[in-house]
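# Architecture at a glance
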Amino acid sequence: MTRLRATVLLCGLASSAAWAQMPGAAETEFLVAITGSNGATRVERSNSVPLIPGRVCYEWRIRLTSGDRLVSAREVFELPAPPTLWGGVDENDYSSSQLSKDRKISETTMFYRPKDGWISHGWCVAEGDPAGPYSIKVYVGEQLLHAFDFNAESVPGSDAQ
């Protein structure tokens, strides 16, 4: 009985120690890169993404509290409507992403070796991306590190949908 209690206690301490080592978000950024017609690119913090295919990309960044140790993160990316094409997912038998049945949500697990504590992932606007509210939630295990909510907005005169 004593041995069983000791084993249970040790397992509890081990899981507490693992939980204490779970990284948290020390700092977050959502960046939008827009390339002008002159070829110059400007990068800004914004929660508005202009739907200009081939000229606009966006990226979430999280600086972890755990430093530079290898970490597995799960990105849950939700759109207001299915896009025409999920880049890197559609017609890719080796994609690490899974799509919901309605094609509005992509879930991707990625492994990172943080650089100066930062992890990130980005996307670029493509033809057929829907306008409206988008959400990217980043998890480590079941712990939500951060939810990035932003709007994708049609731009008059562009090739955007």
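Residues numbered from 1 in each chain as written. Predicted model: local features only at pLDDT ≥ 70, side-chain atom pairs only at ≥ 80, totals over all residues. Heavy atoms only, no water.

### What to know about the overall build of the protein
Let me state the cut-off plainly: Each helix corresponds to a stretch of at least 4 residues labelled H or I by DSSP, and each strand to a stretch of at least 2 residues labelled E; elements are numbered beginning at the N terminus. Think of it in three bands: residues with accessible area under 20% of the maximum for their type are buried, residues over 50% are exposed, and the middle band is partly exposed, with areas taken using a 1.4 Å probe on protein chains only. Only heavy atoms matter for contacts: two residues are in contact if any of them lie within 4.5 Å across the pair. Where accessible areas are quoted, they stem from the Shrake-Rupley method and a 1.4 Å probe; at the residue level, only the protein chains shown are allowed to cover.
Helix and strand counts for the protein stand at 1 helix and 10 strands. The order of helices and strands in the protein, counted from the N terminus, is α-β-β-β-β-β-β-β-β-β-β. The proportion of buried residues among the 161 residues of the protein is 33%. Here the analysis covers contacts within the protein between residues at least 6 apart in sequence; of these, 68% occur between residues at least 24 apart. Of the accessible surface of the protein, which amounts to about 9600 Å², a share of 53% is contributed by carbon and sulfur atoms.

### Considering the pattern of salt bridges
The test is simple: The term salt bridge refers to a side-chain nitrogen of Lys or Arg lying within 4 Å of a carboxyl oxygen of Asp or Glu.
Applying the stated criterion to the full structure yields 6 salt bridges. We note a salt bridge from arginine 61 to glutamate 29, for which the minimum N-O separation is 2.9 Å. Separated by 32 residues along the polypeptide, arginine 61 in strand E4 (residues 56-64) and glutamate 29 in strand E1 (residues 25-35) bring together distant segments of the chain. Between arginine 74 and glutamate 142 there is a salt bridge; the shortest N-O distance is 3.8 Å. On the criterion of sequence distance, the pair formed by arginine 74 in strand E5 (residues 71-78) and glutamate 142 in the loop between strand E9 (132-140) and strand E10 (143-154) is long-range, its members being 68 residues apart. Accessibility expressed as a relative area gives 18% for arginine 74, which makes it buried. Among the residues examined, glutamate 142 registers a relative accessible area of 70% and is labelled exposed. When salt bridges that share partners are traced, they join Glu29, Arg45 and Arg61 into one network.

### A short note on the packing of aromatic side chains
Basically, it comes down to this: Aromatic rings from Phe, Tyr and Trp, with only the six-membered ring used for Trp, were paired whenever their centres fell within 6.5 Å, and each pair was classed as stacked if the ring planes differed by under 30 degrees, edge-to-face if by over 60, and tilted otherwise.
Evaluation of the coordinates by the stated rule reveals 12 aromatic pairs. Ring geometry for phenylalanine 30 against tyrosine 58: centres 6.0 Å apart, planes inclined by 35 degrees, an arrangement best described as tilted. In this pair, phenylalanine 30 is assigned in strand E1 and tyrosine 58 in strand E4, connecting sequence segments 28 residues apart. The pair formed by phenylalanine 30 and tyrosine 58 is uniform in burial state, with each residue classed as buried.

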